[in-house]
Every structure is written in structure tokens, then in C-alpha cells.
Amino acid sequence: MPQTIHRGIKALIDEANAEIETVSAADAIKVAQDPNVVIVDIRDPREIEREGKIPGAFSCTRGMLEFWIDPQSPYAKPIFQQDKKFIFHCAGGMRSALAAKTAQDMGLKPVAHMGGGFAAWRDAGGPVEKWEPKKK
């Protein structure tokens, strides 16, 4: 028997966008070098390797986000304990909306997401650097 999904991804993203701040790629480019701003790349490492990354962005896969934000988690990352603004981005702006909403719901603040994601950043002329995974 097929599943019946009552709240699909479109509804979840629409709800997230209604509750979070969205910054344009142009505005993100302007603040990317601000020491009080952290650009958080939640894309999968394979996407980052293939497409490149925003220089200085902090990489955190979507699956580890909650664990890295929570200071009580054994996986907590110090960067999320800092008093900074966190701007999340993904490839196109859907996962980052959900990530920003989750981070905001957890109490991280201030948070935002970059509308249009990495594609919008690149199209707006934002700098991109090549990324290669660490050799084991």
C-alpha cells in the first residue's frame, strides 16, 4: 500500500521560509568577509568537490547539523557556540531553508539562509574556490 504524505517537502519549505530570514546572494557576498558572519555550507561533500565552495565557508552536512549545534552533544562544534550570525546555504535554497529553521528552533541566533543557494552565489559573481577532500 502506498504511503500518504500529509505535509510534503513544499509545505515544509514554505513553512520554514515564513519563519526565517532569507538573504540574497548579493547581500551574502557583501557580508561574507565580516568576522561576525559565518557562511555554513550544508551540501554533501561530493557536491562541494564537484561545484567548489564559498571561500571561508564552514562545511556541515545537513545530517550532522543538530548534533554540531547542540553544545551538549558529543559532536558539538565550537563554531556554533560563537556569538555570530549564521547564514546557511545549500545548492538551490531548499535544504538551507530547512536547516536555518531547525537551527533557529534549537535557539541558534541570529540565523538566515541564502535564497537560491550556491547557484545564486555563483550567478551573482561570488568567489568560488576548488575543494578537494582530505587524503587519508
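Before reading on, note that the structure itself is shown above.
Residue indices follow the written sequence of each chain, beginning from 1 at its first position. Reporting in this predicted model follows two pLDDT cut-offs: at least 70 for local features of residues, and 80 or more for side-chain atom pairs to be given and counted; totals over whole chains, interfaces and linings ignore these cut-offs and use all residues. Calculated side-chain values reflect all of the structure's heavy atoms, with hydrogen atoms and water omitted.

Student: Tell me about unusual backbone geometry, residues and numbers included.
Tutor: A cis geometry characterises the amide bond from K109 onward to P110, with omega recorded as -10 degrees. Numbered from the N terminus, helices here are DSSP runs of H or I no shorter than four residues, and strands are runs of E no shorter than two. Mapped onto the secondary structure, P110 falls in the loop between α5 (94-106) and β5 (111-114).

Student: Explain the sheet that holds strand β4 (residues 85-89) to me, using residue names and the numbers behind them.
Tutor: Strand pairing requires that DSSP identify at least two bridges connecting the strands. The strand order β1-β5-β4-β2-β3 describes an open sheet built from five strands, whose pairing is parallel. Two strands close off the open sheet at either side, each with one partner strand: β1 (21-23) and β3 (58-59).

Student: Kindly report on the packing of aromatic side chains, identifying the contributing residues and their values.
Tutor: In summary, the pairing rule links any two rings of Phe, Tyr or Trp, Trp by its six-membered ring, whose centres are within 6.5 Å, and it sorts them by plane angle into stacked for under 30 degrees, edge-to-face for over 60 and tilted for everything else. Throughout the structure, instances matching the rule amount to four aromatic pairs. With centroids separated by 6.2 Å and ring planes inclined at 90 degrees, the aromatic side chains of F67 and Y75 adopt a geometry described as edge-to-face. The exposure class of F67 is partly exposed, given its relative accessible area of 42%. Y75 sits in the partly exposed class, given a relative accessible area of 47%. Each ring, one from F80 and one from F86, has its centre 5.5 Å from the other, and the planes form 35 degrees; the classification is tilted. Site record: aromatic cluster; members linked through ring pairs are F58, W68, F80 and F86. Each residue's exposure class comes from its accessible area (1.4 Å probe, protein chains only) as a fraction of the maximum for that residue type: buried when under 20%, exposed when over 50%, partly exposed otherwise.

Student: Explain α5 residue by residue, including any values.
Tutor: The end-to-end C-alpha distance of α5, which contains 13 residues, comes to 19 Å, matching closely the 18 Å that a straight helix rising 1.5 Å per residue would cover. If you check which residues of α5 are buried, you get S96, A97, A99, A100, K101, T102 and A103. When checking whether two residues touch, look at their non-hydrogen atoms; a contact exists if any pair is within 4.5 Å. On its buried face, α5 sits against α1 (9-19), α4 (65-69), β4 and β5. Just beyond α5, the residue with positive phi is G107, at close to 110 degrees. Multiplying one less than the number of residues by 1.5 Å gives the expected span of a helix.

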